[in-house]
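The lines below spell out each chain.
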Amino acid sequence: MNRDWQHFIEAHLGIIDPGDVTRFPDAPSEAACALMDLSHLGLIRVAGADALTFLQGQLTNDVRELSARHTQLSGHCSPKGRLLASFRVLRLDDTFYLQLPRSVLPAILKRLKMFVLRAHVTIDDASDAVACIGLAGTCAPGLLAETFPDLPVADHGLSKVGDLAAIRIPGPSPRFQVIGPAATLAPLWETLATQARPMDGDYWSLLDIRAGVPTIYPETADAFVPQMTNLQLIDGVSFTKGCYTGQEVVARMQYLGKLKRRMYLAEVEGPSAPKPGDELHAPGTSSEKAGGRVVDACATGDGRYEVLAVVEIEAAESGEIRLGAAGPRLALKAPPYGFANADAAGVGTSG
């Protein structure tokens, strides 16, 4: 974590846990106007003359579509077409940045470096070079407008003013990230905090869950084909860009067969918190595998949790999905973007 930023947050009563998640004493579980430190997210920096070509051969999305006004979601797959990481990708001048959880970053950084070979590319951890904050709620556009006169109105849009970059993030209400040097970001935080409520960093994860945006953690790496996490429904996969690691499997699953697993929103009550990778069970499932797995989960109150879960469609339609073999039942629903596009396209996976 950036040392200057850490000192700033601690001076403003933030407590940073071992996972780099910032928590504020007495922060509520919900806030209409929420301000968050996003230090639990890391950045991989990719630069050099061959950076674009290199990333084009490694990520699920078409890196050529990045611009000074547009970011994108993407993933990095194993040769078997299963997600090892999910990213937000942005391009600032000639440098590319991959944003992902710090817990995943070391393994992916090492893996990407393996593929460089003779390419003119440098790849390094830029997480501590900058800081990142999030602002969410109907208040967000107005509060940021003074700093960013040309604030993005479309999801994934990017606006840059000086050394600060603002990105519009999908969600039920307006949501933005702002990335930049700690010295520049600190006064913006102080201004925003006069009207926005500082919230724990994992509230951002809850907003991702509600938006139906998957995050791959070490516990779920190599577990899901992109279509299982709905990545193709939120513009995280290109089927026209050409080859990348795992592309043949992903493409074949897009056009052949029938989708057997996909990601749902869910609510569950229980004595212990669901965790990424936890198995879900369903009586009578036709699969020899578990009925599904937890992708992400956040508490919303005592014993109540909101969850993203990849679930066997047949089992989900039976209405009987449980956390563990005999655990509490999950109440499932479609993510906010729905499944119509996937069903119409006949997305295929052997699941």
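Cut-offs and rules
Residues numbered from 1 in each chain as written. Predicted model: local features only at pLDDT ≥ 70, side-chain atom pairs only at ≥ 80, totals over all residues. Heavy atoms only, no water. Helix = DSSP H or I, 4+ residues; strand = E, 2+ residues; numbered from the N terminus. Rg over C-alpha atoms; globule rule 2.2 N^0.38 Å. Buried < 20%, exposed > 50% of the residue type's maximum accessible area, 1.4 Å probe, protein only. Contact = heavy atoms within 4.5 Å. Areas by Shrake-Rupley, 256 points an atom, 1.4 Å probe, with all protein chains shown as cover. Lys, Arg positive; Asp, Glu negative; His and termini not counted. Charge placed at Lys NZ, Arg CZ, Asp CG, Glu CD. Pairing = 2+ DSSP bridges. Axes fitted to C-alpha atoms, helices over the stretch in contact; angles between N-to-C directions. Salt bridge = Lys/Arg side-chain N within 4 Å of Asp/Glu carboxyl O. Polar contact = N/O pair within 3.5 Å; in protein donor to acceptor, adjacent residues only side chain to side chain.

Caption draft 1: The overall build of the chain, seen in detail. Each helix and strand counted, the chain has nine helices and 19 strands in total. Computed over its C-alpha atoms, the radius of gyration of the chain comes to 20 Å, within 12% of the 20 Å expected for a compact globule of 351 residues. Dimensions of the chain along its principal axes, counting C-alpha atoms only, are 55 × 55 × 35 Å. Taken over 351 residues, the chain has a buried fraction of 57%. In the chain, 69% of the contacts between residues at least 6 apart in sequence involve partners at least 24 apart. Working note: accessible area of the chain is about 15000 Å², and carbon and sulfur atoms make up 52% of it. Seen as two clouds, the 32 positive and the 40 negative side-chain charges of the chain have centres 6 Å apart.

Caption draft 2: The arrangement of unusual backbone geometry in detail. Here the phi dihedral of Asp 93 falls at roughly 60 degrees; this positive angle occurs in a residue that is not glycine. Within the element layout of this structure, Asp 93 appears in the loop between strand 6 (83–92) and strand 7 (95–101). Non-glycine residue Asp 222 carries a positive phi angle of around 70 degrees. In this structure, Asp 222 sits in the loop between helix 6 (202–211) and helix 7 (247–255). The exposure class assigned to Asp 222 is partly exposed, which follows from its relative accessible area of 40%.

Caption draft 3: Structural view of the sheet that holds strand 6. The five strands lie next to each other as 5-6-7-4-8, forming an open sheet whose pairing is antiparallel. Among the strands making up the open sheet, the edge pair consists of strand 5 (72–77) and strand 8 (122–125). Averaged over all pairs of adjacent strands, the angle between their axes in this sheet comes to 30 degrees, without regard to strand direction.

Caption draft 4: Layout of the pattern of salt bridges. For the structure shown, the criterion picks out 18 salt bridges. Across the pair Arg 45 and Asp 124 runs a salt bridge whose closest N-O atoms are separated by 2.5 Å. Pair noted here: Arg 45 is in strand 4 (residues 41–47) and Asp 124 is in strand 8, with a separation of 79 residues, a long-range link. Residue Arg 45 is classed as partly exposed on the basis of its relative accessible area of 26%. For Glu 312, the salt bridge is made with Arg 261, and the minimal N-O distance between the two is 3.8 Å. In this pair, Glu 312 is assigned in strand 17 (residues 304–312) and Arg 261 in strand 14 (residues 261–269), connecting sequence segments 51 residues apart. Both residues of the pair, Glu 312 and Arg 261, count as buried. If you follow the salt bridges from partner to partner, you end up with Asp 17, Arg 23, Asp 200 and Asp 202 in one network.

Caption draft 5: Local environment of the side chain of Ser 127. Within the fold, Ser 127 resides in the loop between strand 8 and strand 9 (131–136). Overall, the relative accessible area of 5% leaves Ser 127 in the buried class. In terms of polar contacts, Ser 127 uses its side chain to reach the side chain of Asp 125, at 2.6 Å. Here Ser 127 is in contact with Gly 42, Leu 43, Arg 102 and Leu 105, once residues within four sequence places are set aside.

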